[in-house]
Structure formats: C-alpha cells, structure tokens
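Take a look at the letters that make up each chain.
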Amino acid sequence: MANDRLLYLDFIRVVANLAIILFHYNVWTERLVAADFLLVRNYTMLGEIGVSLFLVLSGASLSQSTKGDFDAPSFYRKRIRAIFPMFYLVYACFMGLALVFHQYQFSAERSPFAFALTLIGLDGLLSTVIPSYYLVGEWFLGCIIVLYLLYPALRYCFVRSDILTLALCCTVVLLLQNHYSFTFPLQRLPLFRIAEFVFGMFFLTRFTSNRPADHLLIALATIVLMVASTLDFPSLGAITMNMYGMVAFVCLAYAARFAPWKPLEPAITFLSRYAYPAFLVHHIILKQTLVASSRLIHSTVANLFVFVLVVIVVYSTAYAFDTVLAHLRQPGRIVGYIKATAGRRS
C-alpha cells in the first residue's frame, strides 16, 4: 500500500505542486522579462489544471485515510493539526519579516475582525470580496478547508452510493454553472468544486479495489469527461477546465502505477512530504528570488535555470519550516538542544 500511495498520490501531489509553482513563476517572469523567454506561453490553463488536481487529490487522500471506522471529531482534530500549525508558523514568520522590511502596508479598509479569516484559513478564499490580511498560501486552501468541513456528510452519502453521490454533485455543479449570479468568483465557490473532490473519493475507492469492472468504470467515466470537454457544450462553461483536471488525475495515476519509476521514489517522497509548506511559501519566495535574479534571465535556458533555482529555494525553505515545527511540537527537543549547546560552550 505504501508503494501504491507513492505512485498515484504522492506523485500527483508533486506534479500539482510544481504546476502551481510554474504557473506563478510565469506570472512573475512575464512582468520582469521578455515574453519570448517564458517557459509556458498558455500558463493560465496550467494553473487551472493544477488547482483541479489538488482538489481531486484531496478527496482521494481523505478517502484513503478514513477507510474503516470513521469518527467525525477525530477527523476534524487530525485535519486541524495537519493544516493550521504550519499555516500559522509560516504566516507569523513572513508577516514579521514583511513588517520589519516595510513590505506590508496596513490599510484602513481592513477591519481588525478580518484577521479572524486568517485564523481559520479563509483569508485567501474571500480576498476578492473582503479586504483581509491574506499573505501566504492560495485561495483554494480555504476552498479545501470548507470541503473538509463537508466531508463527514459527503462520506456518509458516498458510502451508501458512490455513483449516486458523484452524480448529485455533478448536478449541483451544472446548476451553479448555468444559474449562478453572485459577484463571488464561481471557480472559487467550494460547492462548484465539489464534483472534483468527490471524483477523487470515487477514483480512490474504485482504483484500489483492483477489480476489472472498477477499472472499466473509471475508464468509462474518463471517456465521458474527455468527450464532453472536447464537444464544447455552452452549458459547461468553466466546468471544462475542471474536467481537464479530473482526466489529468486519472492519466497521472495510471502512469504512476505502471511506469518503472522506482529510481525516482526518494525524490518523489521528499517533494511530496514537503509539498504543503512549499505551497504556503512559494508566492513570497518566488517574488524575492525573481527580483534578485531577473537580470540573469536573458534566454529561455537561463529562465529554466532560474526556475530550478526557485524550486530549490522553495523546498529548502519548506524543509526548514517543517524542521522548526517538528521541534516546536516536541519542546523536549529544544530543551535538549539548549542544554547540549550550553554544555559544549562550558
């Protein structure tokens, strides 16, 4: 099971994270260098598929980790421990640095109560409608948090009928696409992304059964998604990009399962383990690294070199934050380190 997890979950997590980093890297480099040097010309699609991969992956990961007996309070406690300590640590460090170096301005339009959105991880999600103190992470972190809140109810329905639950979620998305009229961006609405989340649950359940009928069902669902996305139905609208993300997830999962990528396992494991802190820090690291190295980008090859440099810095920072958090969670380590240091000095 550990190897399966690496192949179709850890691998996809790495691909999704690198796609998001590459998307934002192109956003920043387009502001700083000539368009001819961009690594990806149509990078908007890259970002949208990366987001969709994360949403499908979240549903799949939860489906795997909550097999068997399910206890909602225990589930919520685990999600809180997995998300918020790292989020708070990264936010506090970067906010402190931004204030020290005068790179963050407190606006009068921000209410002190808006900081509550940061405390619950929804500042990025609601940043387009509520002036907040959004600094790290992405809007879809808040989207995933909301879907986590809904997960016990979704799982209850899913266990009773996975196909019916997925069909109902797809219906909700279609209705929203054709009747939504509010100013909040539809693509950021958690209910609009619920089909991708439940599709991840559906895929994981059928994929791990290893029954030919289940693999055939996945293939049929993928074919339906591919055909519908290529026919360009007007009623689908933005759903088309979500379909691309689900199809990409299936393709990557099967590729990871059957490709002979054993030599890459240590690298994939490392990049997957630190994907969350890397996701939180990549915006700020990108900005600072590119401002310092933009003069080096005089060709596409040089741009690729700087991108690799950015990825190294992002994951090095993520590793550092993970190490600090591990020590903070075990105060005895810090005390032991202080005593050992004091002993060497004496």
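The rules behind each value
Residues numbered from 1 in each chain as written. Predicted model: local features only at pLDDT ≥ 70, side-chain atom pairs only at ≥ 80, totals over all residues. Heavy atoms only, no water. Helix = DSSP H or I, 4+ residues; strand = E, 2+ residues; numbered from the N terminus. Rg over C-alpha atoms; globule rule 2.2 N^0.38 Å. Contact = heavy atoms within 4.5 Å. Areas by Shrake-Rupley, 256 points an atom, 1.4 Å probe, with all protein chains shown as cover. Lys, Arg positive; Asp, Glu negative; His and termini not counted. Charge placed at Lys NZ, Arg CZ, Asp CG, Glu CD. Salt bridge = Lys/Arg side-chain N within 4 Å of Asp/Glu carboxyl O. Buried < 20%, exposed > 50% of the residue type's maximum accessible area, 1.4 Å probe, protein only.

Novice: Talk me through the overall build of the protein; I want residue IDs and the actual numbers.
Specialist: Along the protein, the regular secondary structure elements total 13 helices and zero strands. Ordered by position from N to C terminus, the α and β elements of the protein give α-α-α-α-α-α-α-α-α-α-α-α-α. What you see for the protein is a C-alpha radius of gyration of 21 Å, in line with the 20 Å of a compact globule of 346 residues. Projecting the C-alpha coordinates of the protein onto the three principal axes gives extents of approximately 70 × 50 × 50 Å. Considering only intrachain contacts with a sequence separation of at least 6, the fraction spanning at least 24 residues in the protein is 77%. For the protein, the computed accessible surface area is about 17600 Å², with 68% contributed by carbon and sulfur atoms. Placing the 26 positive and 16 negative side-chain charges of the protein at their respective mean positions leaves the two points 10 Å apart.

Novice: So what about the pattern of salt bridges? Which residues, and what values?
Specialist: Going through the model one piece at a time under the given rule, you end up with six salt bridges. Asp10 is the salt-bridge partner of Arg13, the closest N and O atoms lying 2.9 Å from each other. Of this pair, Arg13 and Asp10 both sit in helix H1 (residues 2-32), three residues apart, which is roughly one turn of the helix. Per residue, the accessibility class of Arg13 equals that of Asp10, and both read buried. Between Arg211 and Asp214 there is a salt bridge, and its shortest N-O distance comes to 2.8 Å. Taking the relative accessible area as the measure of exposure, Arg211 reaches 49% and is therefore partly exposed. On the basis of relative accessible area, Asp214 is assigned to the buried category, the value being 3%. Taken together, the shared-partner salt bridges connect Asp162, Arg206, Arg211 and Asp214 into one network.

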